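Now for the letters of each chain:
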Amino acid sequence: GSVGKDSITVGWSTDTCAVTQGQPFGQDDFGPSSGPAVETPRPSGLANRLVVHVGLDAQTHSAQAFTSGLRAANVLGAGDPSDDTPDKLSFALAGTLTLSSKDKGLNATFRDFRLGQGEQLSQRNWWIGAAGCTAAAGHLECTADEHVRVQIRAKSGEAAVFQVAFV
């Protein structure tokens, strides 16, 4: 079943990243003491946002890092991408995604989860994936470390919005 958009809390911890050389990664001056490159802000009570502070020059290196060890059946692109996997990305992150459902009292932890942003028809579109996910009928079915199943679907017509449901 699905859950209300405000009832899921998103957490993220970056393990590795690939960013186009010379592009900024982080906040403020993008130096070692700058703010975090990836954060999960909670403005106005919203708990389901993930923000990446990074330059937007897409290259093949980031796409290769994103897909390393994954198959097309493990990934999903938002914004109706024409490709099964990204050709170029501005960045690729691998890390731990955590989802908590207040309504259902469930937690889901996904290690080595991938996030990336590319460009599709002149709009920035997001890619997600993990080895524990399988693409099916326009969504990913993912099994968490806790053996909880989650369905992640790209919101129709949106390049940066995914809908999550605990199943």
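Quick notes on the rules
- Residues numbered from 1 in each chain as written.
- Predicted model: local features only at pLDDT ≥ 70, side-chain atom pairs only at ≥ 80, totals over all residues.
- Heavy atoms only, no water.
- Salt bridge = Lys/Arg side-chain N within 4 Å of Asp/Glu carboxyl O.
- Buried < 20%, exposed > 50% of the residue type's maximum accessible area, 1.4 Å probe, protein only.
- Disulfide = S-S within 2.5 Å.
- Pairing = 2+ DSSP bridges.
- Helix = DSSP H or I, 4+ residues; strand = E, 2+ residues; numbered from the N terminus.
- Axes fitted to C-alpha atoms, helices over the stretch in contact; angles between N-to-C directions.
- Arc of directions from axis to C-beta.
- Core = buried A, V, L, I, M, F, W, Y, C linked by side-chain atoms within 4.5 Å.
- Contact = heavy atoms within 4.5 Å.

## As for the pattern of salt bridges
One side chain can pair with another of opposite charge once the charged atoms of both are near each other. Per the stated rule, a full pass over the model turns up 3 salt bridges. Between D112 and R114 there is a salt bridge; the shortest N-O distance is 3.1 Å. With a relative accessible area of 39%, D112 lands in the partly exposed category. Residue classification places R114 among the buried positions, given a relative accessible area of 7%. R149 serves as the salt-bridge partner of E141, at 3.5 Å between the closest nitrogen and oxygen.

## A look at the state of the cysteines
Per the counting criterion, the structure on display carries 1 disulfide. A sulfur-sulfur distance of 2.1 Å marks the disulfide that ties C133 to C142. The sign of the S-S torsion, about 110°, decides the handedness of the disulfide formed by C133 and C142: right-handed. Exposure remark for C142: the relative accessible area of 0% places this residue in the buried category.

## A word on the sheet that holds strand β11 (residues 162–166)
Pairing is antiparallel across the open sheet formed by 4 strands, whose spatial order is β8-β9-β10-β11. At either end of the open sheet lies a strand with only one pairing partner, and these are β8 (133–136) and β11. Shown here is a sheet whose adjacent strand axes are inclined to one another by a mean of 25°, direction ignored. Relative to strand β9 (residues 139–143), β8 runs antiparallel, the two being bridged by 4 bridges. Bridge pairing in β9 links A136 to H139.

## Some details on helix α1 (residues 60–67)
Those residues of α1 that fall on the buried side of the exposure criterion are S62, A63 and F66. Mapping the buried residues of α1 onto a view down its axis gives an arc of 100°, with all of them on the same face. G69 occupies a position one or two residues after α1 and carries a positive phi of about 80°.

## Observations regarding the nonpolar core
Generally speaking, soluble globular proteins have nonpolar side chains that are buried together. Ranked by size, the top nonpolar core spans 28 residues in total, and within it L99, F110, F113 and V150 carry the most contacts. Once residues lying within four places of it in the same chain are set aside, the contact partners of L99 are I8, T9, V10, L106, N107, A108, F110, V150, V164 and F166. Counting 8 residues, the second-largest nonpolar core is a separate cluster that includes A18, A63, V75 and L89.

## Things to note about the environment of A65
Relative to the helices and strands, A65 is located in helix α1. The spacing of A65 and F91 is 26 residues in sequence and 8.9 Å in space, taken between C-alpha atoms. Once residues within four sequence positions are removed from consideration, A65 is found in contact with A18, A92 and R114.

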